[in-house]
Every structure is written in structure tokens, then in C-alpha cells.
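# Working through the structure, step by step
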Amino acid sequence: MKVNVHAVNFAVDAKLVDFAQERMGKLEKYYDKIISSDIYLKVEKTSDKENKIAEIKIHVPGDDFIVEKQCKTFEAAIELAAESLERSLLKRKEKLRTHI
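This one's a predicted model, so the numbers in the text were calculated from it and none came from an experiment.

The mixed open sheet is built from four strands, whose spatial order is β1-β2-β3-β4. Across the chains shown, the open sheet's two edge strands, defined by having one partner strand only, are β1 (2-8) and β4 (63-71). Neighbour-to-neighbour, the strand axes of the sheet open up by a mean angle of 15 degrees, direction not taken into account. Along the sheet face, helix α2 (residues 74-99) touches β2 (36-43), β3 (52-60) and β4 and points at about 150 degrees away from the line of β4.

In C-alpha cells, the structure reads:
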């Protein structure tokens, strides 16, 4: 699966990119037809400590899944978004299985 990491208005370091790619790679256990994923990392300008936003788009044949999570760190936001995507992909897999 191809993973594209986009940092909006800041420079992203290699460790964060590696973490994101490794975490997205784990999603292939749940659904093997994933084409690619786009990860958008943003920092919201607020006084709130939870100002890191990770928006993940997963492209699968016939559909796209989009999840956005906001946390104190990008790693935590990516992790929460990936867990949410795991549930969505499992639901889709079950739905496809019942139609066969």
C-alpha cells in the first residue's frame, strides 16, 4: 500500500513519517484490497493543548474512508484514527462477505 504523508504548514520529521507508514501497514491485516492512504497532519492554532489533527483517507476499490482525530500528539491522533479505520474496514469486509 502506498502511504502519502502531507504536513500542512509545518515540516514533518522522518520518525513521524515512519510511524505513520508502519501503522498504516498494519491495516492490511484487516482488509487486503487497500490501494493507498493519504495522511494530512495539521496544527490548529488554539490555546488548547489538543491541537494536533490527523486526517486519514484510505482508498479501497469502490469506496474511500475518511477519519479525522484530534489529540495532544500526532502519534496519538494517528493511532486513534487507525483504530477507527480498522473497525470500518472490518465492517466493510463483513458486508462484502454476506453478499457473496
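Let us now look at the pattern of salt bridges. Here the structure, examined in full by the defined rule, presents six salt bridges. Across the salt bridge formed by Glu86 and Arg23, the nearest N and O atoms sit 2.8 Å from each other. Of the two residues, Glu86 sits in helix α2 while Arg23 sits in helix α1 (residues 14-25), which places them 63 residues apart along the sequence. By relative accessible area, which is 7% here, Arg23 ends up buried. Its salt-bridge partner being Asp63, residue Arg92 comes within 3.5 Å of it at the nearest N-O pair. Taken together, the residues span a long stretch of sequence, with Arg92 in helix α2 and Asp63 in strand β4 at a distance of 29 residues. The class for Asp63 is partly exposed, based on a relative accessible area of 32%. Within this structure, Arg23, Glu79 and Glu86 form a network of salt bridges that share partners.

Bringing the packing of aromatic side chains into the picture now. Scanning the entire structure with this criterion turns up one aromatic pair. An angle of 5 degrees between the planes, with centres 5.2 Å apart, marks the rings of Phe10 and Phe74 as stacked. Here Phe74 lies in helix α2 and Phe10 lies in the loop between β1 and α1, a separation of 64 residues in the sequence.

We now examine unusual backbone geometry. For residues that are not glycine, phi is negative in most cases, and the peptide bond is trans in most cases. Of note, the phi angle at Asn9 is positive, near 65 degrees, even though the residue is not glycine. Tracing the chain through its elements places Asn9 in the loop between β1 and α1. Given a relative accessible area of 76%, Asn9 falls into the exposed group.

With respect to the element layout, Glu55 can be found in strand β3. With relative accessibility at 13%, the residue Glu55 sits in the buried group. Among the polar contacts listed, one links the side chain of Glu55 to the side chain of Lys42, at a separation of 3.2 Å. Ignoring any residue separated from it by four or fewer positions in sequence, one finds Glu55 in contact with Asp38, Ile39, Tyr40, Lys42, Ile66, Val67 and Glu68.

Here is what the cut-offs are and how they apply
- Residues numbered from 1 in each chain as written.
- Predicted model: local features only at pLDDT ≥ 70, side-chain atom pairs only at ≥ 80, totals over all residues.
- Heavy atoms only, no water.
- Pairing = 2+ DSSP bridges.
- Helix = DSSP H or I, 4+ residues; strand = E, 2+ residues; numbered from the N terminus.
- Axes fitted to C-alpha atoms, helices over the stretch in contact; angles between N-to-C directions.
- Contact = heavy atoms within 4.5 Å.
- Salt bridge = Lys/Arg side-chain N within 4 Å of Asp/Glu carboxyl O.
- Buried < 20%, exposed > 50% of the residue type's maximum accessible area, 1.4 Å probe, protein only.
- Phe/Tyr/Trp six-rings, centres within 6.5 Å; stacked < 30°, edge-to-face > 60°.
- Polar contact = N/O pair within 3.5 Å; in protein donor to acceptor, adjacent residues only side chain to side chain.

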